[in-house]
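Coordinate inspection notes
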Amino acid sequence: MNIQARDQQNTYTDRPQLLRVRPIHPDEEAEWDEVMDAHHYLGFNCLVGNSMKYIATLDTHCVALLGWAAAAYKSRHREQWIGWSPSQRDTRLKYVVNNTRFLILPGIKVRNLASKVLSLNLERLASDWQVVYGHPVVLVETFVDRRFRGSCYRASGWIELGQTRGYSRNGQTYYYHGQPKTLLVRPLRRDAKKLLTTTFLSPLLTEVKEKMDLNKVQIADDGGLLDRLREVSDSRKPRGIRHKQESILAVAICAVLSGARSFVAIGDWAQNMSQEVLARLGCRYHEEQKKYIPPSEPTIRRTIQSVDPDELDRVIYEWLGDKCPSWAIAMDGKTLRGSGSKQSKPVHIMAALVHGEGVVLNQSQVEDKTNEIKAVKPLLADLELEGKVVTADAMHAQVEHAEYIQQEKGADFVFVVKDNQKTLREDIAALAEEDYDDSYTSHDKGHGRIETRKIDTSTEINDYIEFPHVEQVFRIKRTITDLDGENKRGETAYGITSLPPEEADPETLLSLVRNHWHIENKLHWVRDVTFDEDRSQIRTGSAPRVFSTLRNLAISLFRLARLDNIAQALRVFSWKPLRCLDFLGL
């Protein structure tokens with residue numbers, strides 16, 4: 001995006017004018033600062049405290065810049081209006097932010113533009129702040145110089161609280177500059193004052209542990225996902241093509257993010273979208289009808305059934321891999337039960353998922369008349385695994401897998417061992433207590449039970465067992481009781497790893513084994529329960545695998561944005577499609 005001032009009034013075509021507001025991309029910040037300093041009457045140096053910079057575009061033209069920063073430390077009118085105590089202000093001021101800069105670029109003359117830009121920015125500000133800084137915003141403020149009326153703020157629902165006394169703060173010192181300003185505020189929630197004044201901090205304002213750069217889930221910029229989707233070859237015959245393949249795939253992605261589970265649902269979603277949504281998705285513009293036309297359900301169906309699933313997987317999972325650093329990766333398979341018929345077996349797909357984050361890095365289809373074992377190498381082949389750890393269940397405790405992961409991929413492995421490696425399992429089970437070198441015990445309480453897990457590790461039989469690259473073996477004893485200590489039951493599991501003791505102590509190994517099951521509860525379970533995948537009757541061509549990819553993409557994007565309640569996120573996006581597009585950066 002080229003941020004620049006214009007010397008004359010801008011003109012537009014007769015197409016619908018698409019106004020959107022988004023955070024700037026990192027490579028736009030220097031130009032944002034330069035333009036703001038050159039054209040804002042106060043100039044520009046920096047934004048104080050936690051801050052965000054936005055850009056407003058009309059069609060493809062930059063028309064406005066906005067900057068949000070930390071709220072003023074003291075304001076008698078604000079404190080009186082909110083009704084909070086000094087101690088509450090000190091701890092909760094971060095939930096208030098200040099619109100310190102707002103610039104309509106020179107040469108831009110559009111009726112009611114400023115108020116519309118403000119309104120669009122306020123619609124997404126709280127959620128953006130949550131993603132970037134780990135907590136929401138419930139109130140915004142601004143100080144308007146008395147030479148201005150502040151009409152755009154008033155038109156956007158801002159409330160005037162009074163005039164300042166003409167003082168400004170520099171560090172810990174207040175000095176008189178003799179220029180009183182008008183203070184305006186706008187609650188972003190109806191209960192904003194209540195949230196800021198309650199005796200105990202509301203859970204709605206609770207911070208999350210990690211911060212996330214909002215630009216990491218942008219997909220519309222150069223090199224973004226939509227740009228990458230153009231790399232997928234189009235197998236359709238050129239004659240009669242009306243809709244670009246990347247546009248159809250973008251429609252499908254947004255529809256799945258909004259809860260669509262079938263071709264019909266995607267088609268219905270597209271048909272009910274506004275002109276703004278269709279334009280932002282790159283849909284075809286009909287010159288005679290003067291409007292954007294969505295792809296029909298049959299067009300969507302044919303395109304998804306014929307798209308090359310290998311190319312689509314490569315594009316999507318390479319892009320996701322760039323967004324999510326990983327150390328430990330789990331691999332496991334899942335059957336798409338509804339994809340089978342009397343003539344063919346259901347599609348079975350292997351997936352690789354990042355521990356903790358729950359982001360899918362790749363998937364590969366298990367070929368007919370084979371099993372998951374044959375799908376491991378295609379699954380891991382395109383992943384950069386050097387220095388990382390791959391975890392798998394007992395099925396994949398295979399010599400060839402250990403050799404491939406260690407020698408060809410430069411990674412380590414953690415495998416659970418069961419009766420498919422009977423001799424190996426018996427060798428580990430035969431170890432005496434004194435043969436174990438180290439141990440670690442964890443305790444968890446929840447869901448009406450107490451779980452105790454004790455892991456013991458040993459290097460005693462490394463040179464004895466006939467399995468390559470093993471540096472440690474381990475035993476995990478899991479004991480479960482009711483909350484009162486009754487109804488005791490338990491189980492014991494065994495495993496092997498190529499990680500030496502100095503790189504993986506017992507606590508680390510136990511964490512790796514437990515987090516391996518994220519692929520079940522953060523991916524497979526969500527696809528079954530939230531997306532109802534097992535009952536899906538999609539079975540023609542590459543469609544079952546493509547839908548699996550779209551669901552994986554949706555889940556991964558929600559995980560990246562820390563939206564852990566995926567069912568709720570789907571509902572919100574189905575109600576507010578523009579929010580879905582803003583989430584994707586479209």
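Everything in this summary refers to the structure shown in the same document. Bear in mind that the values here come from a model prediction, so they are computed numbers and not experimental data. (Residues numbered from 1 in each chain as written. Predicted model: local features only at pLDDT ≥ 70, side-chain atom pairs only at ≥ 80, totals over all residues. Heavy atoms only, no water.)

1. Quick word on the nonpolar core
In terms of nonpolar packing, the biggest core is built from 100 residues, with Leu257, Ile266, Trp269, Ile304, Leu380, Phe415 and Ile496 touching the most fellow members. With sequence-adjacent residues up to four places away left out, Phe415 is seen in contact with Ala392, His396, Ala397, Gln398, His401, Ala402, Ile405, Phe467, Phe474, Tyr494, Gly495 and Ile496. Counting residues in hydrophobic clusters, the runner-up holds 41 residues, among them Val35, Leu47, Leu66 and Leu113. (Core = buried A, V, L, I, M, F, W, Y, C linked by side-chain atoms within 4.5 Å. Buried < 20%, exposed > 50% of the residue type's maximum accessible area, 1.4 Å probe, protein only. Contact = heavy atoms within 4.5 Å.)

2. What to know about a negative patch on the surface
On the surface, a cluster of negative charge is contributed by Asp437, Asp438, Glu460, Asp505 and Glu507. Within the element layout of this structure, Asp505 appears in the loop between β20 (489–497) and α16 (506–515). Judged by its relative accessible area of 35%, Asp505 falls in the partly exposed class. (Patch = residues over 30% accessible without salt bridge, like charges linked within 9 Å, V, L, I, M, F, W, Y side chains within 5 Å. Areas by Shrake-Rupley, 256 points an atom, 1.4 Å probe, with all protein chains shown as cover. Salt bridge = Lys/Arg side-chain N within 4 Å of Asp/Glu carboxyl O. Lys, Arg positive; Asp, Glu negative; His and termini not counted. Charge placed at Lys NZ, Arg CZ, Asp CG, Glu CD. Helix = DSSP H or I, 4+ residues; strand = E, 2+ residues; numbered from the N terminus.)

3. Let's talk about the packing of helix α8 (residues 245–257) against helix α18 (residues 543–560)
At a closest axis distance of 9 Å, the pairing of α8 and α18 adopts a crossing angle of 60°. Here α8 is positioned oblique relative to α18, judged by the angle of their axes. Of the two elements, α8 crosses α18, and the hand of that crossing is right-handed. Contact residues: α8 offers Ala252, Ile253, Val256 and Leu257, while α18 offers Leu550, Arg551, Leu553, Ala554, Leu557 and Phe558. Taken together, the residues of the contact of α8 with α18 sort by class into nine nonpolar, no polar and one charged. (Axes fitted to C-alpha atoms, helices over the stretch in contact; angles between N-to-C directions. Parallel < 35°, antiparallel > 145°, perpendicular 65-115°, else oblique. Left-handed = near helix turned anticlockwise from the far one by under 90°. Nonpolar A, V, L, I, M, F, W, Y, C, P; charged D, E, K, R; others polar.)

4. Here we look at a nonpolar patch on the surface
On the surface, Tyr41, Leu42 and Phe148 cluster together into a nonpolar patch covering about 290 Å² of accessible area. In this fold, Phe148 is placed in the loop between β5 (139–145) and α5 (151–155). Phe148 gets classed as partly exposed once you look at its relative accessible area, which sits at 40%.

5. Concerning the pairing of strand β15 (residues 389–392)
The two faces of β15 match: Val389 and Thr391 on one face and Val390 and Ala392 on the other face are all buried. Sheet analysis places strand β12 (residues 328–336) next to β15, joined by three bridges and oriented parallel. The residue bridging Ala330 from the neighbouring strand is Thr391, located in β15. Direction of pairing for β15 relative to strand β16 (residues 412–417): parallel, over a ladder of four bridges. Note on β16: the bridge partner recorded for Thr391 is Val414. In this fold, β15 hands off to helix α14 (residues 399–408), which returns the chain to β16; that crossover is right-handed. (Pairing = 2+ DSSP bridges. Right-handed = clockwise from strand over helix to strand, strands pointing away.)

6. Thoughts on the environment of Glu29
Summarising the element assignment, Glu29 is placed in helix α1 (residues 29–39). Its relative accessible area of 37% is what places Glu29 among the partly exposed residues. C-alpha of Glu29 to C-alpha of Lys53: the two residues are 24 residues apart in sequence and 8.1 Å apart in space.

7. Description of α14
Looking at α14, one finds that the buried residues are His401, Ala402, Tyr404 and Ile405. Each buried residue of α14 sits inside an arc of 165° when the element is viewed along its axis, so together they form one side. When the buried face of α14 is taken as reference, the exposed residues oriented beyond 90 degrees from it are Gln407 and Glu408. Looking at the buried residues of α14, the elements they touch are α13 (376–380), β15 and β16. Note on α14: the residue one or two positions beyond its end, Gly410, has a positive phi of about 65°. (Arc of directions from axis to C-beta.)

8. Quick notes on the packing of α8 against helix α11 (residues 297–306)
Packing of α8 against α11 brings their axes to within 10 Å, and their N-to-C directions diverge by 100°. Comparing the axis directions of α8 and α11 gives the class roughly perpendicular. Only Thr299, Ile300, Thr303 and Ile304 of α11 make contact with α8, whose side of the interface consists of Gln245, Ile248, Val251 and Ala252. When its residues are assigned to classes, the contact of α8 with α11 shows five nonpolar, three polar and no charged.

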